[in-house]
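Close look at the chain arrangement
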Amino acid sequence: MNYPFNPPTRILMGPGPSDAHPRVLKAMSHPLIGHLDPEFIRMMDEVKSMVMETFITKNHLTFVVSAPGSAGMETCLVNLLEPGDECIICINGVFGGRMADIAGRCGAKVIKVETEWGKITEPDQIKKALDVCPQPKLVALVHAETSTGALQPLEEISKLVHDAGALLVVDAVTSFCGVPLKLDEWKIDAVYSGSQKCLSAPPGLSPVSFSDAAVKVLENRKTKVQSWFLDLSMVKNYWEGSKRAYHHTAPVSSIFALHEALNLVIEEGLENRWARHKKIHEALRKELENLGFRFLVEERYRLPNLNAVYVPEGVDEAKWRNELLTKFNIEVGGGLGAFAGKIWRIGIMGESCSMRHVELLTGAIQKLRKSEETKVSGQTVS
Ligand SMILES: Cc1ncc(COP(=O)(O)O)c(C=O)c1O
């Protein structure tokens, strides 16, 4: 027995993946070539150069992990931490918690800086953590916390971290290509992202970059990296043009797609792309507030591309979210942790960031509201 699968065509406005451009989908459907084919190697070099351009870095060790954002997170932590190291991890949502879990599994002593979900980590909290742990190997933060829609300012914290002689590790899964992220200017030592958010490529790849200071830490490790697959001493040769040696079989079609998605970002221009996300967020904010939604995060720390909003009083959020999907083919995300059942997470990322998306979603919400009102007043709903 076989099982033909005809997936529905959805409008993706959740926390990721986002909609992909037709050029990206077309790139994925090219006939396969070998991952050691000289043409593929040339294309990987272009991917590396475009990732450097979009991360705004000259970091030589910039590459793409053949696995999703969580593997990028794990790549940064397992390579930089050794058993017995001390590190400070900031937690203000799901993904900071995940970093702390991985760091603990590396055998590191983890000092957690915990903040109420929806808020940002303040520089004073880092200062206090550095009083307790004055020489951590690294301090890690989530730039764009997808579970709450909070955008973490990094520059002031970066200075504190470097003054303490530590490395700054940043989760940029949801910020990359959607809001300003400047690796070299902000002195970020290790960063990972994901392909499926503001880059609008299929999920399953994680752009990563290490500064020279982070590379030095790698070179001075006393112990072997616990993970074979993510050990950068081997992976880095895989991303070095003519020296390229077999490490694993690259996900060829996904990298075709990533290459095209990066081309699209560069054609648009990073600054224009950041401005587009901000402008569309403003339009969405106005519409949502008119419909009775309230934002979780205070305005100055709001992530434009991931809108976490309390659903209006009296609305059965799970029912509406399900109807958006099944009747209107629109996906939005539900809340996580303490926000489950209370908030929606509305993504306007990359290709999903357009006025068309805003109008489709808010039009569908208006129809749902009308249909509820009609039911309450006892009229028949078609
Ligand atoms: C901020 C953040 N970090 C890490 C991840 C993990 O990425 P992935 O699901 O691609 O493994 C996500 C995924 O949504 C995320 O939003």
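Please refer to the structure higher up on the page.
A quick note: this is a predicted structure, and the numbers were derived from the prediction, not measured.

1. Quick word on the sheet that holds strand β15 (residues 343-347)
As summarised here, the arrangement of the four strands in space is β11-β12-β15-β14, forming an open sheet in which the pairing is antiparallel. At either end of the open sheet lies a strand with only one pairing partner, and these are β11 (294-295) and β14 (333-334). Pairing geometry for β14 and β15, over two bridges, is antiparallel. Looking across to β15, one finds that Gly333 is bridged to Arg345.

2. Details of the side chain of Glu82
Residue placement: Glu82 occurs in the loop between α3 (69-80) and β3 (86-91). Lys137 is the oppositely charged side chain nearest to the buried, salt-bridge-free Glu82, at an N-O distance of 4.2 Å. Side-chain polar atoms of Glu82 contact the backbone nitrogen of Lys222, separated by 2.9 Å. Once residues lying within four places of it in the same chain are set aside, the contact partners of Glu82 are Cys106, Gly107, Ala108, Lys137, Asn220, Arg221, Lys222 and Thr223.

3. Some thoughts on the pairing of strand β4 (residues 109-114)
When β3 meets β4, the two strands line up parallel, connected through six bridges. Looking across to β4, one finds that Cys87 is bridged to Val110.

4. Here we look at the pattern of salt bridges
Evaluated as defined, the whole model comprises 18 salt bridges. The salt bridge partner of Asp85 is Lys137, with a shortest N-O separation of 2.5 Å. Linking Asp85 in the loop between α3 and β3 with Lys137 in the loop between α5 (123-132) and β5 (138-142), this pair joins segments that are 52 residues apart in sequence. For Asp85, a relative accessible area of 16% gives the class buried. A salt bridge links Lys319 to Glu323; the shortest N-O distance between them is 3.9 Å. Of this pair, Lys319 and Glu323 both sit in helix α11 (residues 317-328), four residues apart, which is roughly one turn of that helix. Shared partners join several salt bridges into a network, and the residues in it are Lys319, Glu323, Lys327 and Glu372.

5. Some points on the packing of aromatic side chains
On inspection of all chains with the given rule, the structure shows five aromatic pairs. Between Phe293 and Trp344, the aromatic rings sit 5.4 Å apart at their centres with planes inclined by 40°, giving tilted as the arrangement. One end of the pair, Phe293, is in the loop between α10 (270-290) and β11; the other, Trp344, is in strand β15, and 51 residues separate them in sequence. Note on accessibility: Phe293 and Trp344 belong to one class, buried. Arranged with centres 6.4 Å apart and planes meeting at 75°, the rings of Tyr310 and Phe339 form a pair that is edge-to-face.

The rules behind each value
Residues numbered from 1 in each chain as written. Predicted model: local features only at pLDDT ≥ 70, side-chain atom pairs only at ≥ 80, totals over all residues. Heavy atoms only, no water. Pairing = 2+ DSSP bridges. Helix = DSSP H or I, 4+ residues; strand = E, 2+ residues; numbered from the N terminus. Buried < 20%, exposed > 50% of the residue type's maximum accessible area, 1.4 Å probe, protein only. Lys, Arg positive; Asp, Glu negative; His and termini not counted. Salt bridge = Lys/Arg side-chain N within 4 Å of Asp/Glu carboxyl O. Polar contact = N/O pair within 3.5 Å; in protein donor to acceptor, adjacent residues only side chain to side chain. Contact = heavy atoms within 4.5 Å. Phe/Tyr/Trp six-rings, centres within 6.5 Å; stacked < 30°, edge-to-face > 60°.

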